[in-house]
Amino acid sequence: MNSLDADRLKSLLPAALADRVRSLRLSEGRVTLVVDATGLEVQERPALEAQLRAALTGADGVAQVHVAIMADKVQPVILAVGSGKGGVGKSTLSANLAVALARLGRKVGLVDADISGPSQARLLGTEGQRPVAHENRLVPVASRWGVPMLSMAQLTEPGAAIAWRGSMVAGAVTQFLEAHWDNAEIIVVDLPPGTGDVQLTMLQKFKPTGAVIVSTPQDLALMDAARAVSLFEKGGVPVVGVIENMAGYACPHCGEVSDPFGVGGAEAAAGTMGLDFLGRIPLDIAIRRESDAGNPIAAGDGPQTQAFLALATRVNDWLVQRPLQPGLQAAL
């Protein structure tokens, strides 16, 4: 077939279909098309094939139409959750955010990147379950909440100290992120406090699509949160927004709301830094109790659950609206 034949047949296709054609051959009456289906769901691809067949079948010189569908392998979005400071409830928030995103219909995985202080196995109730390896890559441990996960807590004895140097820590995080995540669309990464080796590994090797910053309302936490924001911005990672955690405590006896850590500090800081404020998560004993029991509150149906679902909705909307790299828009 010469180029004139290819151009003639391609001209018979609607523009939207022609743009997807990567190659077209005509040989002895048989047309073979290689078509890029990136951005289409799997269930949409038969309709694409049918449209191509209908457009070319019966054309001059065409007896058969064969369509080969190709698409980019979907790569998961990496969503980093950082704080710059410990003790602000980042791990609890990461676990509940992952569960809430899963409840919104996203396929979510969770990486516990706090190598020396892992807590996600407790938070998702997977303590005592060890990941297996397949083809030299780890297989994440399934949880009851539809969120597979990996944590050093699943690879070491309970209570054992993990005193590793930076290169070993970075190697562990690399193994977690290069694991068999199958069809995961979003991987939530619970980062350790600070701006050290794990954060640098993330920026240099696994650049996140976005980062969520967690802080309590108090000034000391906000100072360190600003440092975390600065690190991500220098690394070219967009900051999705700031979350104010442990904001407001309702007395279980009288119902009066007090603010032991202050209120509004994270929202004000977000405004100063030109970032979105994603919402407040209350200081609530139910969150602490269910977290210790391995039952993330986001999997329930109480008022605390609604706070996490609202947060997950804002984060998910941000991810959907981002100009993503090839293959990712189909996932979101």
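See the structure printed just above.
No experiment lies behind these values; they were computed from the predicted model shown. Residue positions within a chain follow its written sequence, with the count starting from 1. Under the rules for a predicted model, residues below a pLDDT of 70 receive no local features and side-chain atom pairs below 80 are neither given nor counted, while totals for whole chains, interfaces and linings still include all residues. Where side-chain values are given, they derive from all heavy atoms of the structure, hydrogens and water being excluded.

A.B. asks: Hey, could you run me through the pairing of strand 4 (residues 77-82) in this one?
C.D. replies: Buried residues dominate strand 4, accounting for six of its six residues. Only protein chains enter the accessibility calculation, which uses a 1.4 Å probe; a residue whose area is less than 20% of its type maximum is buried, one above 50% is exposed, and one in between is partly exposed. Counting from the N terminus, the helices are DSSP H or I runs at least four residues long and the strands are E runs at least two residues long. Burial along strand 4 is two-sided: Val77, Leu79 and Val81 facing one way and Ile78, Ala80 and Gly82 facing the other are all buried. In this analysis, strands are considered paired if DSSP registers two or more bridges between them. Relative to strand 9 (residues 186-190), strand 4 runs parallel, the two being bridged by five bridges. Its bridge partner being in strand 9, Ala80 is matched across the sheet by Val189. Alignment of strand 4 against strand 10 (residues 210-215), held across four bridges, turns out to be parallel. Paired with Val81 across the bridge in strand 10 is Val212.

A.B. asks: How should unusual backbone geometry be read in this particular structure?
C.D. replies: Note: most residues except glycine have negative phi, and most peptide bonds are trans. Here the phi dihedral of Glu135 falls at roughly 55°; this positive angle occurs in a residue that is not glycine. Summarising the element assignment, Glu135 is placed in the loop between strand 6 (132-134) and strand 7 (137-139). At Met246, a residue that is not glycine, the phi angle is positive and equals roughly 55°. On the secondary structure map, Met246 appears in the loop between strand 11 (239-245) and strand 12 (249-250).

A.B. asks: Got a minute to help me understand the sheet that holds strand 2 (residues 30-36) in this structure?
C.D. replies: Strand pairs in the sheet, formed through backbone hydrogen bonds, run parallel or antiparallel to each other. Strand order in the open sheet formed by three strands is 1-2-3, with mixed pairing between adjacent strands. Single-partner strands in this sheet number two, and they are strand 1 (21-27) and strand 3 (64-70). On average, each strand axis in the sheet is tilted by 15° relative to the strand beside it, whichever way the strands run. Summarising the sheet, strand 2 and strand 3 pair through seven bridges and their orientation is parallel. Paired with Thr32 across the two strands is His66, which belongs to strand 3. All axes here are fitted lines through C-alpha atoms, helices being fitted over the stretch that makes contact, and every angle between N-to-C directions spans 0 to 180 degrees.

A.B. asks: Is there a simple way to think about the packing of helix 6 (residues 166-177) against helix 7 (residues 197-205) in this case?
C.D. replies: The axes of two packed helices give the description: the angle between them and the distance between them. Between helix 6 and helix 7, the least distance of the axes is 9 Å, while the angle of their chain directions is 50°. It follows that helix 6 is oblique to helix 7 by the angle criterion. Both helix 6 and helix 7 take part in a crossing whose hand is right-handed. Contact residues: Gly166, Val169, Ala170, Val173, Thr174 and Leu177 in helix 6; Asp197, Val198, Thr201, Met202 and Lys205 in helix 7. Only Asp, Glu, Lys and Arg are considered charged in this grouping, and only Ala, Val, Leu, Ile, Met, Phe, Trp, Tyr, Cys and Pro are considered nonpolar; every other residue, Gly among them, is considered polar. Considering only residue class, the contact of helix 6 with helix 7 consists of six nonpolar, three polar and two charged. When describing relative orientation, an angle under 35 degrees is termed roughly parallel and one over 145 degrees roughly antiparallel, while 65 to 115 degrees is termed roughly perpendicular and anything else oblique. Each crossing gets its hand from how the near helix is turned against the far one by less than a right angle, where anticlockwise is left-handed and clockwise is right-handed. Two residues qualify as a contact provided that any one of their heavy atoms is within 4.5 Å of a heavy atom in the partner residue.

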